[in-house]
Amino acid sequence: MPHWTNWSRTVRARPEEIACPADLGEVMALVEQAAERGQRVKAVGAGHSWSPVAVTDGVLVRLGALSGLRRVDREAGTATFGAGTRLRDVSAALDAEGLALPTLGSVDHQTLAGAIGTATHGSSLTWGNLSSLVREVRLVDGTGTERVFGGDDPELDGVRVHLGALGLLTEITLDVVPAFNLREDRFTISWGDAMSRLPDLARECEYVKLWWLPHTRPVVVFRYTRTEAPATVGAAGRWIDEHLANRFFFEGLLQLGSWVRPAVRWSNRLVGQTYFSPASAVGPSARMLTLAMPPRHRETELAMPLDQGIEALHRLRRVIDKRGLRVDFIVEARFVRGDSGWMSPAYGRDSAQIGAYMRRSEGLQEYFDGFAAGAADLGARPHWGKEMTLDAAQAAALYPRYADFRELASRLDPQGLFRNPFLDALLGPLQAHAD
Ligand SMILES: Cc1cc2nc3c(=O)[nH]c(=O)nc-3n(C[C@H](O)[C@H](O)[C@H](O)COP(=O)(O)OP(=O)(O)OC[C@H]3O[C@@H](n4cnc5c(N)ncnc54)[C@H](O)[C@@H]3O)c2cc1C
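## Description of the pairing of strand S10 (residues 146-150)
By the bridge criterion, five bridges tie strand S9 (residues 134-140) to S10 in an arrangement that is antiparallel. Considered in S10, the bridge of Glu-136 is made with Gly-150. What sits between S9 and S10 in their antiparallel hairpin is a turn of five residues, with Gly-144 showing a positive phi close to 85°.

Spelled out as structure tokens, the structure:
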């Protein structure tokens, strides 16, 4: 029996088989066959979700063959890709056309279908998460039928953040923009200053994010502004960060901190001094908005109304201080424009998305649980791709369109082919449909 694990090794599965369909026809045949046999089916992207959203003990489907740029419509400002395309390949293909995605998350190894499926986001109040850019989705539903959601179809908003529950996505059309360069300015401010100015900082320019490394004083602000200036960064810098700095230096410090508890304070300070000194750089947007792949670590993240971000950060810091936790990875504050995706954590509200990350296992669960419990009364919605739990009742309370999503999932997947334990807990029993 094959074995599968996600990038962070937080989730493991033993699927009955692994399938790699070559085209739409093979995807449809695969679903029909699984329906006949009563097997469950699940597409896996890059396996970059920390949550068990992509787990299956049935047929694990890899849609890497359905990838690449299919067409560009310059008049409409859209580009269409195979759903299995990696984000880095999306950016490269768009760049060759003089185009770009207007927003990106921190890394670009994920697939397009996987990234929109969990509402992967960057940090911008001008742009929403990646799923908000979607103009059309083609998928194969639980009966093996191809469905298209696009144009004015109100159900497109249900499909954006699909959670793998609606079908196997085969093609995605997205809004794109002319290619642009960004200038990154990195500087530090005090915790008090950051807390008093958080929403204003977020609104000050198109892309802003904040990092705080626990047990250190400063908060690092990253601001990105459009510029006509030529790039000052090259491919070599990214290679060095990924293959040398992150793999050996940062990784080594994390190892040390996981063996010797008091070393965490010291290594955090060293990392802060090495990585977070003030700096500026210019480069293509896709390069500037993404980072070198970090060392393996764990993440949880909550989305809340923008103005609640300060309170959530204060409470998170209190969890660390009161419980004497040693946290060896950054706390990140990002900002996402409100959108209309039924299951988007930014649904209906501009959001602060606060991420708590850690490598050490000692105290990790206390940290993540304390963060979630502390933010529970702030209307916090967990990131679907990070460590989280949410049952049907909690989801119904947090997502105004939850019942519509559940109905859509049951209609598109009447046999529950695309279900897994994560979706069973989230969506509850299948609903019967007359049609
Ligand atoms: C190092 C790292 C950095 C990250 N940075 C960010 C960040 O900056 N911002 C952010 O928001 N998130 C971030 N994430 C989380 C990540 O973007 C999401 O978890 C994303 O969903 C992963 O995409 P994937 O292709 O790996 O999908 P997977 O994790 O493999 O799958 C996610 C979901 O999509 C479904 N799926 C995948 N392909 C298909 C398909 N073709 N049809 C139907 N369903 C499909 C799966 O079944 C599953 O339900 C990061 C993750 C890592 C590991």
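Read on, since the account is not over.
## Overview of the pairing of strand S7 (residues 78-82)
Among the five residues in S7, five count as buried, and that is most of the element. Both strand S6 (residues 69-73) and S7 contribute to a ladder of four bridges, which runs antiparallel. If you follow Val-72 over to S7, its bridge partner there is Ala-79. Linking S6 back to S7 in an antiparallel pair, the connection comprises four residues, with Gly-77 at a positive phi of about 70°. With five bridges connecting them, S7 and strand S11 (residues 168-175) associate as antiparallel partners. Within S11, the residue paired with Gly-82 across the bridge is Glu-171.

## Details of empty space enclosed by the protein
With the rule as written, the count across this model stands at two cavities of 30 Å³ or more. Looking at the largest cavity, its volume works out to about 100 Å³. The wall of the largest cavity is formed by 13 residues, among which Leu-104, Gly-122, Ser-123, Lys-209 and Leu-289 lie closest to the centre. For the lining of the largest cavity, the secondary-structure elements that each account for two or more residues are strand S14 (207-212) and strand S18 (331-336). It is S14 that provides the largest number of residues to the lining of the largest cavity, a total of three residues. Considering only residue class, the lining of the largest cavity consists of five nonpolar, five polar and three charged.

## Side note on the site of the ligand
Around the ligand sit 36 residues, and of these Ala-43, Ser-49, Ser-106, Thr-118 and His-383 come closest. Ala-46 places a polar main-chain atom, nitrogen or oxygen, 3.0 Å from an oxygen atom of the ligand. With respect to the ligand, the backbone of Leu-163 contributes an N or O atom lying 3.5 Å from an oxygen atom. Summarising the interface, the protein chains cover 98% of the accessible area of the ligand, which totals 970 Å² for the free molecule. When residues of the shell around the ligand are traced back to their parent elements, those giving at least two are strand S4 (41-44), helix H3 (112-117) and S11. Split into classes, the residues belonging to the shell around the ligand amount to 16 nonpolar, 17 polar and three charged.

## Concerning the side chain of Asp-157
Looking at the element boundaries, Asp-157 is found in helix H4 (residues 156-159). Those residues in contact with Asp-157, other than ones at most four positions away along the chain, are Ser-340, Gly-341 and Trp-342.

Each value, and the rule that gives it
Chains are numbered independently. Their residues run from 1 in the order of the written sequence. Only residues with pLDDT of at least 70 get local features here, since the model is predicted, and only at 80 or more are side-chain atom pairs given and counted; chain-wide, interface and lining totals rely on the full set of residues. Hydrogens and waters are ignored; side-chain quantities use all the structure's heavy atoms. Pairing between two strands is assigned when DSSP locates at least 2 bridges connecting them. Counting from the N terminus, the helices are the DSSP runs of H or I reaching at least four residues and the strands are the DSSP runs of E reaching at least two. Buried residues are those whose accessible area, probed at 1.4 Å on protein chains only, stays under 20% of the maximum for their type, while exposed residues exceed 50% and partly exposed ones sit between those limits. Using only the protein atoms, space was sampled on a 1 Å grid; points where a 1.4 Å probe fits but cannot get out form cavities, open sets with protein on both sides within 12 Å along at least five of seven lines form pockets, and lining residues are those with an atom within 4 Å of a point. Grid points are joined across faces, edges and corners, and a volume is the space filled by probe spheres set on the points. Each residue receives one of three labels: charged for Asp, Glu, Lys and Arg, nonpolar for Ala, Val, Leu, Ile, Met, Phe, Trp, Tyr, Cys and Pro, and polar for the others, Gly being one of them. For this description, a residue counts as near a given molecule or strand if any of its non-hydrogen atoms is within 4 Å of it. Two N or O atoms form a polar contact when they lie within 3.5 Å of each other; inside protein one atom must be a possible hydrogen donor and the other a possible acceptor, and for residues adjacent in sequence the pair counts only when both atoms belong to side chains. The accessible surface values rely on the Shrake-Rupley method and a 1.4 Å probe; as for residues, cover is taken only from the protein chains in view. Throughout, a contact is declared for two residues whenever any of their heavy atoms are within 4.5 Å.

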